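A closer look at the structure
Given next are the chains, with one letter for each unit.
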Amino acid sequence: MMDMDQDPRKRLCFADGRRKVDYVLVYHYRKRSSVRGSPSQHRLSIISNGSYPLGVEEKDQEGRKDEPAEVVVDVGPPDPADGEKIMIREEFEGNLKDAGLEIEHDKENKAHGHAFIRLHAPWQVLSREAEFLKIKVPTKKLREEKGLAATMNEVWRKLNQPFQPKVPHQENLGNSRMSHCYFWPFCRYNIKSKDTFFDNATRSRIVSLYCFAHESALFFCLTGITTLIANGVYDSAFPLHDVSFFFLLLHDEWARYGAFYKYQPVDLIRKYFGEKIGLYFAWLGVYTQLLIPASVVGIIVFFYGWATVETNIPSQEMCDEDQNFTMCPLCDRACDYWHLSTACGTARASHLFDNPATVFFAIFMSLWAAMFLEHWKRRQISLNYSWDLTGMEEEEVHSHTYIVTLCYSLLTSVCLDSCTGHEKLTWRDRLPGYLINISSILFMFGVTCSAVFSVIIYRITISALMAMSSDPEVKSNVRVTVTATAVIINLVVILILDEIYGMVAAWLTELEIPKTETNFEERLILKAFLLKFMNAYAPIFYVAFFKGRFAGRPGDYVYVFNDYRMEECAPGGCLIELCIQLSIIMLGKQLIQNNVFEIGIPKLKKLCRTLKDKERAPKEIVEQPGRRQQWHLDYDLEPFDGLTPEYMEMIIQFGFVSLFVASFPLAPLFALLNNVIEIRLDAKKFVTELRRPDAIRAKDIGIWYNILSGLGKFSVIINAFVISFTSDFIPRLVYQYMYSETGTMHGFINHTLSYFNVSNFKPGTVPSISSLGKDITFCRYKDYREPPWSTEPYQFSKQYWSVLAARLGFVILFQNLVITMSMLVAWVIPDVPKNISEKLKKEKTLLVDVFLNEEKEKLQLIQSLFSRDLTQEQQEELKVSDQTSLPLQQTQPGQLPPTSSPAPRTRPRAASFSQFTRQMSMSPRSDITQHTAV
């Protein structure tokens, strides 16, 4: 990315080497004809390196003589749209010049290609916008803490020193280098260094505000750079990467896999990329950090199951060949009777995840989710204070879809609001989009369910085909083979549908015509989350709550297409299959989608774009690589598509960690390992693979927090049902305390198996060949039903209703207990840290003192002026009295002074701070712009 043949600082400046390039606009041009000569000889649209207006030749600012340049004259392009785009660009760039921005153009020296327009904001523009946006600067430094708290902080700082990035002025992760200062509104006076006062992120943000707010006279409506890019007027717009000391620090201390054990320099990330991206990486760091205790507890739970598997009585009974439980066939005709002891391995593996410790772990993870949200809330408030985001107002920008629809509506039929006189869209404009949204989302849900059902059909048919094989080894591995291949097919389908659903969500959001970019982003996130959530978790929900529930019983099975029996759970229960399903989908998405796709797809796109540009570029003109400027290098990078894909990956992972964690205690561990790599992968992508995004101010993570909160509450319900209905935890408790004669688990397996008389099989379903002999009268199956010799054979027994009541009771108890404890955790942990609240109080006190001191100084100044004016008046009166020889004592009270004497001057009145505030609020600029109170 970096070109070392040229000074990096010069690559970020105009041709004069002094003015910084704050923003870059790129468009594709097609040269029709070219002539040599002066630009003043042509009337048409002229673009050259000198940025000539129509028919006017500008002299070089350095006073050098202009050499004859090759001038591009647009003589009627074949496509009328090209001429329209030229007019729009001229109008747009003219408005930027009128706003005070300085523009530098490229020289079009090829038949066609990309032209770069550099924008620079001079000090007058920056200072004016800084005052209007109420940007604050650090002022008086706070007093350092003393006492025990300061000692403890110092000890903790020294312990954390090896994990801190080597960033200047960043003593620890929690405090910014400005966190110990008060902030004061910006004032353009008394600035020592104007060139370095505003960093590049702030400069580009101010310039982007002009680009995003542009009123077009051609379309009679408000447009912006986003709309112009969507309409093909410009190809792209982006700020430049600042190849400076901060960039190198980010590359060495953040975007490097060797720094995986260090904290992230979030203050430096915010300084370079803006608050919105800084908040994302801060949230990702907090989430990854809190996965450590969850991973430790999950490992302990897993090892507890591994350590107690040998003493688990139900597993021992299933593995005991002396018990001789003869089970009913798993399929019709081709399958034989089998002994339960052959499923010993499945039973032992199921105990690793289905043991009493998983209940504790489910409660712990529900509380962990609540603590994570509270901890992030506190961390976010701390960042808002240290980054000066308290009281900030969101910068609302009209969405591209809203502008296009509004312009079309204005061109056809003008619709004005009778109250405000502003244009608006009616419900008739939005109704078709809402109807298409609802129907499309329901259709996508149907597609997801169809994909899951197709995999179910695959499992059923392959199981039947493998059961009919003559190879005994194939028959013995039917369940493992079918389960593994079906999960892989599920994973492939999920990855494909994820990409499709992302594009569908964007298309559906455009049909809704959101008014602002914030509304557009929130609606897009909500639709994409619903579709991808359904896509990722539908197979897992099927295994957890539906598989084996509707299979029927021997002699009365449920068939699909009248030939294939519905599949049943494994002898050890569905929890082990749920664990396999969850682990493969989670690990597959993380390895393939989150890592391989993020690395491979951007490189493939970059390669395709490079090959396309080479084929389209003229062969006779070849640029020298050493002369490539920074804007050329940045344009070759992949454009930034927003943070939605990054957040979506982590939110789906958070669902895997919290929703079904009772079936897979190692999920937090795998999520932790993935996130350690994901942070450095995203950092490397932002620094070296993507164009620099616009620095957007934001005070929170937006709708993602609400989604996280909803997932946390939903996880309580899901884990309650997984423990109650998917695992055997409740049946074991019921047996031990209600039906066991000894109060132990001895006899539990026999208690859960029902009897079936083989003579009651339907014709054609009896095993054709039986290796266990012909003297089998009864076979066993897992269910709570009456035996054949009962008065109500094969009906649900009393044990079934007892277990069902216990399961429902546990769900109610678990939900209320965990939700109450979560609310207690949220109530105990304050949202605002104590040190931040104290700093806010001190800051308010300091501001009041500053205001009082200013008023006192004003009053003293006015009194001194008034006393000086009074002394001058007394001297003038003495002179007049000497000239007229009229003593002052002879003047009657109420008698007017002589007309020749001057009238006494009016006493000046001190202006209060509130008057200045009222005058500022009455300025015309405040009525048409939204100020950001920082």
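Since the model is a prediction, treat every value here as computed from it, not as a measurement. For every chain, the first residue of the written sequence is number 1, and numbering continues from 1 onward in sequence order. Where local features are concerned, this predicted model is filtered to residues with pLDDT of at least 70; where side-chain atom pairs are given and counted, the filter is 80 or more; whole-chain, interface and lining totals use all residues. Excluded from the side-chain calculation are hydrogens and water; included are all heavy atoms of the structure.

This brings us to empty space enclosed by the protein. The method works on a 1 Å grid over the protein atoms by themselves. A cavity is a set of points holding a 1.4 Å probe that cannot get out, a pocket is an open set with protein on both sides within 12 Å along at least five of seven lines, and residues with an atom within 4 Å of a point line them. Grid points are joined across faces, edges and corners, and a volume is the space filled by probe spheres set on the points. This structure, assessed with the given rule, holds 8 cavities of 30 Å³ or more. Taken as a whole, the largest cavity encloses approximately 50 Å³ of empty space. Helical segments are the DSSP runs of H or I of at least four residues, strand segments are the runs of E of at least two, and each set is numbered from the N terminus. Contributing elements (two or more residues each) for the lining of the largest cavity: helix 13 (427-467) and helix 16 (517-546). A per-element tally of the lining of the largest cavity places helix 13 first, with 4 residues. Here the residues of the lining of the largest cavity sort into 6 nonpolar, 2 polar and 1 charged. A volume near 40 Å³ is recorded for the second largest cavity. Along the walls of the second largest cavity sit Thr 448, Ala 451, Val 452, Asn 490, Val 493, Ile 494, Leu 497, Asn 535 and Pro 539, which together make up its complete lining. Looking at the lining of the second largest cavity, the element that brings in the most residues is helix 15 (residues 478-512), giving 4 residues. For the lining of the second largest cavity, the class distribution of residues is 6 nonpolar, 3 polar and no charged. Side-chain classes follow a simple rule in which Ala, Val, Leu, Ile, Met, Phe, Trp, Tyr, Cys and Pro form the nonpolar group, Asp, Glu, Lys and Arg form the charged group, and the remainder, Gly included, forms the polar group.

As a further point, take the pairing of strand 1 (residues 23-30). Two faces belong to every sheet, and in a regular strand the side chains alternate between them. Counting buried positions along strand 1 yields 6 of 8 residues, so the element is predominantly enclosed. Of the pairings in the sheet, the one linking strand 1 to strand 11 (residues 236-238) comprises 3 bridges and is antiparallel in character. Bridging across to strand 11, Leu 25 finds its partner in Ala 237. Three labels apply to residues, based on accessible area from a 1.4 Å probe with only protein chains included: buried if under 20% of the type maximum, exposed if over 50%, partly exposed otherwise in between. When DSSP finds at least two bridges between two strands, those strands are taken to pair.

Cysteine sulfur atoms that pair up within 2.5 Å are treated as a disulfide. Under the defined criterion, the tally for this structure stands at 4 disulfides. Sulfur-sulfur distance for the disulfide between Cys 319 and Cys 344 comes to 1.8 Å. Given an S-S torsion of about 90 degrees, the disulfide between Cys 319 and Cys 344 has right-handed geometry. With Cys 319 in helix 9 (residues 313-319) and Cys 344 in helix 10 (residues 344-353), this pair connects stretches of sequence that are 25 residues apart. Judged by its relative accessible area of 23%, Cys 319 is partly exposed. Note on cysteine connectivity: Cys 328 is disulfide-linked to Cys 779, with sulfurs 1.9 Å apart. Of note, the bridge from Cys 328 to Cys 779 carries an S-S torsion of about 80 degrees and is right-handed in sense. Of the two residues, Cys 328 is situated in the loop between strand 12 (326-327) and strand 13 (338-339) and Cys 779 in strand 19 (residues 778-782); the sequence distance between them amounts to 451 residues. Neither residue differs from the other here; Cys 328 and Cys 779 are each classed as buried.

Moving on to the side chain of Asn 675. The topology assignment puts Asn 675 in helix 20 (residues 667-689). Under the relative-accessibility criterion, Asn 675 is labelled buried at 0%. Contacts are assigned to residue pairs that have any heavy atoms within 4.5 Å of one another. Once you skip the residues sitting within four places of it in the chain, Asn 675 turns out to touch Leu 284, Tyr 287, Thr 288, Leu 291, Met 650 and Gln 653.

Now for the packing of aromatic side chains. In summary, the pairing rule links any two rings of Phe, Tyr or Trp, Trp by its six-membered ring, whose centres are within 6.5 Å, and it sorts them by plane angle into stacked for under 30 degrees, edge-to-face for over 60 and tilted for everything else. Tallied over the entire structure, the rule returns 50 aromatic pairs. Ring geometry for Trp 123 and Phe 198: centres 5.6 Å apart, planes at 45 degrees, overall tilted. Placement of the pair is Trp 123 in helix 2 (residues 123-132) and Phe 198 in the loop between strand 8 (181-185) and helix 4 (200-212), with a sequence separation of 75 residues. As far as burial versus exposure is concerned, Trp 123 and Phe 198 are alike and both buried. Ring plane angle 55 degrees and centroid distance 6.3 Å describe the contact between Phe 353 and Phe 664, whose orientation is recorded as tilted. Here Phe 664 lies in the loop between helix 19 (644-658) and helix 20 and Phe 353 lies in helix 10, a separation of 311 residues in the sequence. You can call Phe 664 buried: its relative accessible area is 4%. Above the plane of the ring of Tyr 755 lies Arg 780, whose end atom (NZ or CZ) is 3.8 Å from the centre. In this scheme, Lys NZ or Arg CZ marks a charge over a ring once it lies within 6 Å of the ring centre and within 35 degrees of the ring normal.

UniProt's entry tags residues 280-306, 357-373, 434-460, 480-508, 529-546, 650-673, 701-725 and 804-829 with the feature "transmembrane region" (unreviewed entry), counted in the numbering of this structure. Secondary structure within residues 357-373 divides into 100% helix and 0% strand; the distance between the first and last C-alpha atoms comes to 24 Å. Helix makes up 67% of residues 650-673 and strand makes up 0%, while its end C-alpha atoms are separated by 13 Å. UniProt positions are given in the numbering used here, feature names are shortened, and annotations may be inferred rather than shown by experiment.

Another aspect to go through is the environment of Pro 731. With respect to the secondary-structure elements, Pro 731 resides in helix 22 (residues 729-739). Take Pro 731: its relative accessible area is 4%, and that puts it in the buried class. Put simply, Pro 731 and Ala 806 are 75 residues apart on the chain and 8.3 Å apart in space, counted from C-alpha to C-alpha. When near neighbours in sequence (up to four residues on either side) are disregarded, Pro 731 contacts Phe 748, Tyr 784, Val 803 and Arg 807.

To continue, consider the pattern of salt bridges. Here, a salt bridge means any side-chain nitrogen of Lys or Arg that lies within 4 Å of a carboxyl oxygen of Asp or Glu. Taken as a whole and assessed by the stated rule, the structure comprises 25 salt bridges. In this structure, Glu 275 and Arg 697 form a salt bridge, with 3.2 Å as the shortest nitrogen-oxygen distance. Here Arg 697 lies in the loop between helix 20 and helix 21 (703-726) and Glu 275 lies in helix 8 (residues 275-308), a separation of 422 residues in the sequence. Note on Arg 697: relative accessible area 8%, which makes it buried. Taking the shortest distance from any N to any O, the salt bridge between Lys 547 and Glu 577 comes out at 2.1 Å. Here Lys 547 is found in the loop between helix 16 and strand 14 (552-553), whereas its partner Glu 577 is found in helix 17 (residues 574-616), with 30 residues between them in sequence. Via salt bridges that share partners, Arg 459, Lys 547, Glu 567 and Glu 577 belong to a single interconnected network.

Bringing the packing of helix 19 against helix 20 into the picture now. When two helices pack together, their arrangement is given by the angle between the helix axes and by the axis-to-axis distance. Interaxial angle, 0 to 180 degrees, is taken between N-to-C directions of lines fitted to C-alpha atoms, where a helix line uses only the stretch in contact. The interhelical angle for the contact between helix 19 and helix 20, taken along N-to-C directions, is 175 degrees, at an axis separation of 11 Å. When the axis of helix 19 is compared with that of helix 20, the two are roughly antiparallel. From helix 19, Glu 646, Glu 649, Met 650, Gln 653, Phe 656 and Val 657 reach across to helix 20, where they touch Ala 667, Pro 668, Ala 671, Asn 674, Asn 675, Glu 678, Asp 682 and Lys 685. By the definition adopted for this analysis, an angle is roughly parallel if under 35 degrees, roughly antiparallel if over 145, roughly perpendicular if from 65 to 115, and oblique otherwise.

This brings us to the confidence of the model for the chain. Scored between 0 and 100, pLDDT is the confidence that the predictor attaches to each residue. Chain-level pLDDT for the chain is 76 on average; 75% of the residues reach the 70-or-more range. Mean pLDDT values for the elements of the chain range from 34 in strand 3 (residues 46-47) up to 93 in helix 8. Confidence drops under pLDDT 50 across residues 1-5; counting only partners more than four residues distant or on other chains, this segment forms 18 contacts. Across residues 33-77, confidence stays below pLDDT 50; counting only partners more than four residues off in sequence or on other chains, it has 82 contacts.

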